[in-house]
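In case you want the letters, here they are:
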Amino acid sequence: MFSLLRTTFVPHLPASVRFRSQLAPRQVQHVKRHKGRVPIPIGGSTKGTTLAYGEWGIRIKGMGVRFSAKQLTTAEEVIKRKIKIVKGAKVYLRVFPDIPVCIKGNETRMGKGKGTFEFWATRVPTGRVIFEIGGTPIREELAREALRQAADKLPTIMEFITRSTPPRLGNLVLQPEPSTDQLSSPTQTAET
């Protein structure tokens, strides 16, 4: 009789388990969230529009978009496969999918609550840097080709940027103001 009570405990994994290779937050307070909109950069901040870690990168040139974790992982794998030949090269992902997306089934009647969790996503505005390549010095041709292949996997138009590329404010590319030395030197040469 007591042998029936001694059953082995088998722990069950929850429905959404985060493995090390997956892009997902470790812990969230609410699994279901409002849909939201892709932000439009109108405030004047250029944060996140220039390179911070690497020498080469891609940023959004087209409309802002919602990237899923699967799309970002696929693009990152393409870059890693292409720059694998360079020892010490690193790929930096500048956005992180932390927004849960819930979807109701097709041909479902109205009501009965919000749909079930499907995937993680992130909302990225125009001008935001997505990937950077750095670590060791990499030839521009190799970096340009790797980032072009990654941009083909993503659902918006991207542009290749370097350290000297000026920041963006939405669709507007901000050119640096010339210093006073540069302004005064052409006038002095014109007078003489």
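Shown above is the structure to which this text applies.
Caption draft 1: Examining the sheet that holds strand 6 (residues 129-134) more closely. The four strands lie next to each other as 3-6-1-7, forming an open sheet whose pairing is antiparallel. Bordering the open sheet on either side are strand 3 (90-93) and strand 7 (158-162), each of which pairs with just one other strand. For this sheet, the mean angle separating the axes of adjacent strands, direction not counted, is 20 degrees. In the packing of helix 2 (residues 69-82) onto the sheet, contacts are made with strand 3 and strand 6, and the angle to strand 6 comes to roughly 20 degrees.

Caption draft 2: Representation of the nonpolar core in the model. Phe67, Ile79, Ile130, Phe131, Leu147 and Met158 are the most contacted members of the largest nonpolar core, which has 30 residues in total. When residues of this core are traced back to their parent elements, those giving at least two are strand 1 (56-60), strand 2 (65-68), helix 2, strand 5 (116-124), strand 6, helix 3 (140-152) and strand 7. Dropping the residues within four chain positions of it, Ile79 is found in contact with Val91, Phe131, Ile133, Ala146, Leu147 and Ala150.

Caption draft 3: Representation of helix 3. Under the 1.5 Å per step criterion, the end-to-end length of helix 3 is 18 Å for 13 residues, consistent within 8% with the ideal 18 Å. Taken residue by residue, helix 3 has Leu142, Ala143, Ala146, Leu147, Ala150 and Ala151 as its buried positions. Angular distribution of buried residues about the axis of helix 3 spans 165 degrees; they occupy a single face of the element. Opposite the buried face of helix 3, by more than 90 degrees, sit the exposed residues Glu141 and Asp152. Check the buried side of helix 3 and you find it contacts strand 1, helix 2, strand 6 and strand 7.

Caption draft 4: Summary view of the environment of Leu142. Among the secondary structure elements, Leu142 is positioned in helix 3. Separated by 56 residues in sequence, Leu142 and Val86 have C-alpha atoms that sit 9.7 Å apart. Setting aside chain neighbours within four positions, we find Leu142 in contact with Lys82, Ile85 and Val86.

Caption draft 5: Quick look at the sheet that holds strand 4 (residues 99-103). On the basis of which strands lie adjacent, the open sheet formed by three strands has the order 2-5-4 and antiparallel pairing. With one partner strand each, in any of the chains shown, strand 2 and strand 4 form the two edges of the open sheet. Averaged over neighbouring strand pairs, the angle between their axes works out to 50 degrees when direction is ignored. In this structure, strand 2 lies alongside strand 5, joined through four bridges in antiparallel fashion. Across the sheet, residue Phe67 finds its bridge partner in strand 5, namely Thr122. This element, helix 2, spans strand 2 and strand 5 of the sheet and lies at about 75 degrees to strand 2.

Caption draft 6: Molecular detail of unusual backbone geometry. Look at Glu107: it is not a glycine, yet its phi comes out positive at around 55 degrees. Here Glu107 is to be found in the loop between strand 4 and strand 5. Among the residues examined, Glu107 registers a relative accessible area of 85% and is labelled exposed. One non-glycine residue, Lys112, lies in positive phi territory at about 65 degrees. You can see Lys112 is positioned in the loop between strand 4 and strand 5.

Caption draft 7: Region of the structure containing the side chain of Thr162. By the element assignment, Thr162 lies in strand 7. Aside from chain neighbours lying at most four places away, what touches Thr162 is Leu51, Glu55 and Trp56.

Caption draft 8: Main features of the pattern of salt bridges. Per the counting criterion, the structure on display carries nine salt bridges. With a closest N to O distance of 2.6 Å, Glu159 and Arg59 form a salt bridge. Of this pair, Glu159 sits in strand 7 while Arg59 sits in strand 1, and the two are 100 residues apart along the sequence. This pair shows no difference in class: Glu159 is buried, exactly as Arg59 is.

Caption draft 9: Focus on the environment of Gly44. Within the secondary structure, Gly44 is located in the loop between helix 1 (2-5) and strand 1. Classification of Gly44 as partly exposed rests on a relative accessible area of 43%. Here the alpha-carbon distance between Gly44 and Leu169, two residues 125 residues apart in the chain, equals 6.6 Å.

The rules behind the values
Residues numbered from 1 in each chain as written. Predicted model: local features only at pLDDT ≥ 70, side-chain atom pairs only at ≥ 80, totals over all residues. Heavy atoms only, no water. Pairing = 2+ DSSP bridges. Helix = DSSP H or I, 4+ residues; strand = E, 2+ residues; numbered from the N terminus. Axes fitted to C-alpha atoms, helices over the stretch in contact; angles between N-to-C directions. Contact = heavy atoms within 4.5 Å. Core = buried A, V, L, I, M, F, W, Y, C linked by side-chain atoms within 4.5 Å. Buried < 20%, exposed > 50% of the residue type's maximum accessible area, 1.4 Å probe, protein only. Expected span 1.5 Å × (residues − 1). Arc of directions from axis to C-beta. Salt bridge = Lys/Arg side-chain N within 4 Å of Asp/Glu carboxyl O.

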